[in-house]
Amino acid sequence: MYITTANLSMRTIEDENFILNRADSVLHALNPTAALMWDAIQNQNTPHEIAQKIVDTFEVSFEEALSDTRTFLSECEKKGLISFTETPL
């Protein structure tokens, strides 16, 4: 499972979602799909569960949703926003 790292704040301003990494003062803007994925990560959903939420919300195939989820998770991990853990919290 993926968990969010410390020093992050998420804010919604008007209809825009942002994550602020307080450690390096970088602001990340999230589109609606990314915001849904971010919420699912915070609820400790697996990549497959996140993909299913995307399928249920947007008109995409499960395969496309899973591919997008894996890409998002990889990018977030590279940016230090999340980390993978085998142990549930």
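Anything mentioned here points back to the structure above.
Residues numbered from 1 in each chain as written. Predicted model: local features only at pLDDT ≥ 70, side-chain atom pairs only at ≥ 80, totals over all residues. Heavy atoms only, no water.

> Looking at this structure, I do not really get the packing of helix 1 (residues 32–42) against helix 3 (residues 62–78). What am I missing?
If you want to describe how two helices pack, look at the angle between their axes and the distance between the axes. Close contact between helix 1 and helix 3 brings their axes to 11 Å; oriented N to C, the two are set at 70°. In terms of their interaxial angle, helix 1 and helix 3 are classed as roughly perpendicular. Contacts between helix 1 and helix 3 involve Ala34, Met37, Trp38 and Ile41 from the first element and Asp68, Thr69, Phe72, Leu73 and Cys76 from the second. Here the residues of the contact of helix 1 with helix 3 are counted per class, giving seven nonpolar, one polar and one charged. (Axes fitted to C-alpha atoms, helices over the stretch in contact; angles between N-to-C directions. Helix = DSSP H or I, 4+ residues; strand = E, 2+ residues; numbered from the N terminus. Parallel < 35°, antiparallel > 145°, perpendicular 65-115°, else oblique. Contact = heavy atoms within 4.5 Å. Nonpolar A, V, L, I, M, F, W, Y, C, P; charged D, E, K, R; others polar.)

> Mind showing me how you'd approach the nonpolar core here?
The nonpolar side chains of soluble globular proteins are, as a tendency, buried together. Within the largest apolar cluster, 21 residues are counted, with the highest numbers of intra-cluster contacts made by Leu30, Trp38, Ile41, Phe72 and Ile82. Residue assignment for this core shows that the elements contributing at least two residues are helix 1, helix 2 (47–57) and helix 3. Of the residues forming this core, the biggest block, seven residues, is contributed by helix 1. Among residues more than four places away in sequence, those in contact with Ile41 are Tyr2, Thr4, Ile50, Phe72, Leu73 and Ile82. (Core = buried A, V, L, I, M, F, W, Y, C linked by side-chain atoms within 4.5 Å. Buried < 20%, exposed > 50% of the residue type's maximum accessible area, 1.4 Å probe, protein only.)

> Sorry, what's going on with the side chain of Ser9 here?
Relative to the assigned elements, Ser9 resides in strand 2 (residues 8–13). Side-chain polar atoms of Ser9 contact the side chain of Arg22, separated by 2.4 Å. Leaving out residues up to four positions away in the same chain, Ser9 has contacts with Phe18, Ile19, Leu20 and Arg22. (Polar contact = N/O pair within 3.5 Å; in protein donor to acceptor, adjacent residues only side chain to side chain.)

> Before we go on, may I ask you to explain the pairing of strand 2 in this structure?
Remark: a regular strand shows side chains that alternate across the two faces of the sheet. Sheet topology note: the strand 2/strand 3 (residues 16–21) ladder contains six bridges and is antiparallel. Bridging from a neighbouring strand, Met10 pairs with Ile19 of strand 3. Taken together, strand 2 and the strand that follows it, strand 3, pair antiparallel across an intervening segment of two residues, in which Glu14 is found at a positive phi of about 55°. (Pairing = 2+ DSSP bridges.)

> I tried to follow the sheet that holds strand 3 on my own but got confused; where do I start?
Pairing is antiparallel in the open sheet, where three strands are placed in the order 2-3-4. Since the sheet does not close on itself, it has two edges, and those belong to strand 2 and strand 4 (26–30), each with one partner. Each neighbouring strand pair of the sheet contributes to a mean axis angle of 25°, computed without reference to strand direction. Running at roughly 110° to strand 4, helix 1 makes contact with strand 2, strand 3 and strand 4 of the sheet.

> Explain the pattern of salt bridges to me, please; I cannot follow it from the model alone.
Opposite charge on two side chains allows them to pair when their charged atoms are near. Throughout the structure, instances matching the rule amount to one salt bridge. Glu75 is paired through a salt bridge with Lys78; the nearest N and O atoms lie 3.7 Å apart. In this pair, Glu75 and Lys78 are both assigned in helix 3, three residues apart and thus about one turn of the helix distant. (Salt bridge = Lys/Arg side-chain N within 4 Å of Asp/Glu carboxyl O.)

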